[in-house]
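Overview (structure and organization)
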Amino acid sequence: MVFSELHTPKRTIMTPGPVEVDPRVLRAMSTPILGQFDPAFTNIMNEVMEMLRQVFQTKNHWAFPIDGTSRSGNEAILCSIIEPGDKVLVPIYGRFGHLLVEICERYGAEVHTLECPWGEVFEPQVVIAEIKKVNPKIVAIVHGETSTGRMQPLAEIGKTCRERDILFVVDAVASIGGVEVKTDEWYIDGLIGGTQKCLSVPSGMAPITYNDRIETILFARKKVERGIATEEDLRFTRSKHAISSNYFDLSMLQDYWGPRRLNHHTEATSMIYALHEGLRLVLTEGLQPRFDRHMLHEKALMAGLETMGLILFGDSRHKLPCVTCVEIPNGVDGESVRKMLLDEFSIEIASSFGPLNGKIWRIGTMGYSCRKENILAVLGALEAVLIRHGVNVIRGEALQAALDEYKVPRSAGMAVEKSS
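First, a word on what this report is: a plain description of the structure on this page. (Residues numbered from 1 in each chain as written. Predicted model: local features only at pLDDT ≥ 70, side-chain atom pairs only at ≥ 80, totals over all residues. Heavy atoms only, no water.)

**Considering the overall build of the protein chain**
Put simply, the rule reads: Numbered from the N terminus, helices here are DSSP runs of H or I no shorter than four residues, and strands are runs of E no shorter than two. Within these notes, the globule rule equals 2.2 Å times the number of residues to the 0.38 power, and the radius of gyration is based on C-alpha atoms. Burial status follows relative accessibility: with a 1.4 Å probe on protein chains alone, a residue under 20% of its type maximum counts as buried, one over 50% as exposed, and anything between as partly exposed. Here a residue-residue contact requires only that any non-hydrogen atoms of the pair lie within 4.5 Å. Computed with a 1.4 Å probe, the accessible areas rest on the Shrake-Rupley method; for each residue, only the protein chains presented here act as cover. Charge assignment: positive for Lys and Arg, negative for Asp and Glu; neither His nor the chain ends contribute. Working definition for charges: the position is that of NZ of Lys, CZ of Arg, CG of Asp or CD of Glu.
Each helix and strand counted, the protein chain has 15 helices and 13 strands in total. Relative to the compact-globule value of 22 Å for 420 residues, the protein chain shows a C-alpha radius of gyration of 22 Å, a close match. Dimensions of the protein chain, computed from C-alpha atoms along their principal axes, come out at roughly 75 × 55 × 55 Å. In the protein chain, which comprises 420 residues, the share counted as buried stands at 58%. Counting only contacts in the protein chain whose residues sit at least 6 apart along the sequence, the fraction spanning at least 24 positions is 72%. Of the roughly 18100 Å² of accessible surface on the protein chain, 52% is carried by carbon and sulfur atoms. For the protein chain, the distance from the average position of its 46 positive side-chain charges to the average position of its 53 negative side-chain charges is 0 Å.

**Describing the state of the cysteines**
The criterion, for reference: In what follows, a disulfide is any cysteine sulfur pair within 2.5 Å.
Under the counting rule described, the total for this entry stands at 0 disulfides. Looking at C161, it has no disulfide partner, and the nearest cysteine sulfur is the one in C104, 13 Å off. C198 forms no disulfide, and the closest cysteine sulfur to it belongs to C322, at a distance of 3.8 Å.

**Some details on the sheet that holds strand β3 (residues 87-92)**
What counts here: Whether two strands pair depends on DSSP finding at least two bridges between them. Comment: axis = line fitted to C-alpha atoms, over the contacting stretch for helices; angle = value between 0 and 180 degrees taken between N-to-C directions.
Spatial ordering of the open sheet is given by β2-β10-β9-β8-β5-β3-β4, a layout of 7 strands whose pairing is mixed. Looking at which strands have only one partner, the edges of the open sheet turn out to be β2 (62-67) and β4 (110-115). This sheet shows a mean twist of 20 degrees between the axes of neighbouring strands, independent of strand direction. In terms of strand pairing, β3 meets β4 through 6 bridges, oriented parallel. Bridging across to β4, L89 finds its partner in H112. Along the sheet face, helix α5 (residues 124-134) touches β3, β4 and β5 (138-142) and points at about 160 degrees away from the line of β3. Those strands touched by helix α10 (residues 269-285) are β2 and β10 (205-210), and its axis lies near 65 degrees from that of β10.

**Focus on the packing of helix α3 (residues 70-81) against helix α4 (residues 95-106)**
For clarity, the threshold we go by: Working rule for angles: under 35 degrees goes down as roughly parallel, over 145 as roughly antiparallel, 65 to 115 as roughly perpendicular, anything else as oblique. By definition, any crossing whose near helix is turned counterclockwise from its far helix by less than a right angle is left-handed, and any crossing with a clockwise turn is right-handed.
In contact at an axis separation of 10 Å, α3 and α4 are set at 40 degrees when each is read in the N-to-C sense. On the basis of the axis angle, α3 is oblique to α4. Taken as a pair, α3 and α4 cross one another with a handedness that is right-handed. Residues R71, N74, E75 and L78 of α3 form the contact with α4, whose own contacting residues are R95, L99, L100, I103 and C104.

**A word on the pattern of salt bridges**
Using the following cut-off: By convention in these notes, a salt bridge is any Lys or Arg side-chain nitrogen within 4 Å of a carboxyl oxygen on Asp or Glu.
Under the definition given, this model contains 25 salt bridges. Overlapping salt bridges bring together R162, D165, D189 and R213 as one network.

**Side note on the packing of aromatic side chains**
Geometrically, a pair of aromatic rings is defined through the distance of the ring centres and the angle of the planes. Condition: What counts as a ring pair is set by centres within 6.5 Å for rings of Phe, Tyr and Trp (its six-membered ring), and what kind of pair is set by the plane angle: stacked under 30 degrees, edge-to-face over 60, tilted for all other angles. Throughout this description, the term charge over a ring refers to an Arg CZ or Lys NZ atom that lies within 6 Å of the ring centre and within 35 degrees of the ring normal.
Counting across every chain of the model gives 9 aromatic pairs. Each ring, one from F64 and one from W257, has its centre 5.8 Å from the other, and the planes form 15 degrees; the classification is stacked. On the criterion of sequence distance, the pair formed by F64 in strand β2 and W257 in helix α9 (residues 250-257) is long-range, its members being 193 residues apart. Accessibility classification places F64 together with W257 in one group, the buried group. Put simply, the rings of W62, F64, Y210 and W257 touch in pairs and so form one group of aromatic residues. Between R95 and the ring centre of F353, over which it is positioned, the NZ or CZ distance is 4.4 Å. Over the ring of Y368 we find R371, and its NZ or CZ is 4.2 Å from the ring centre.

**Comments concerning the environment of A242**
Tracing the backbone shows A242 in the loop between α8 (231-235) and α9. Judged by its relative accessible area of 23%, A242 falls in the partly exposed class. Spatially, the C-alpha atom of A242 lies 34 Å from that of G17, the residues being 225 residues apart in sequence. The residues contacting A242, other than those within four sequence positions of it, are R221 and K223.

Here is the structure:
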């Protein structure tokens, strides 16, 4: 059997991840492979760590990627700090809160949950009251929940955790690089990001950062595998249970990313190139201008959708700027609309999960996908497809409403529009 050369269709990806990868990132991935201990490569690793600190808005020493998709970062931090029987509180307001529960349970935690309807978030005082009731070792929560398009306020929760000596772990996979995430100011002990969303890098790495409160736990649980351990490593006596996972053992990974360069695995060289370039582009654009860009295009998209006659889903006070959820009109087959958008316009939007499956579409405006031409394309195409599906939309006004938003004077927004 003869296989043809790989050929992928050109798409406009407007999902909440993965998103379109910046062409400059793709170019970086094609550069020559270096050995993982080549000084030229370890220098690139060091630069990635420094850029991550800036993007995460932290002074933490440890900031590096886990090789794996976004949930690998969640698992690396949680498995490295959870011992069997530890109490963990997980407030759930969408699919990925349930994922945190799943990970914690698999590592033997006593998990306590707090739930609110999908499409809402928690008032911080509700979570704080539960923290005082449960008194957990760890609070783990999602910052930007892509399944519902909501964003949880964190500052008050983080402050309470620090005052009560509780570890605060935050999944910021969907928000990092697209909205404000203040690791140190919000008292976050462990933070997980993702590459395939607002950073516009392919899926395959999970940038994380953690502080000395977590590092203290890692030291107490440290175990270097025998094949690479020195005599000093073998003499080391742990005061706590060893970390259950070898692959996600942060105590060994920080020896790999630190000056010791103790071999743990073979680094994903081309993905490090991609992350380096993606982070460089974020910092070149500037964090605040980048956040402004995401909000500008979000406003244009929302204006177009509402003018078309569609209903936006969820609590508008706590909307995640880079994900817009739209209620599927009554009687419409949401999957048929998505298929026609892809087949006729090469545009992809997303459905949702759990109780929202078949009830909403999710449109991502993340990273490189968050551009004026993409907003206008999805609005025009969606209107045409809905008309073909018999929906009584307000014709011809959606694009005008979006264009009106782009004409509103805003210094940061105008500068961002030119750059995009």
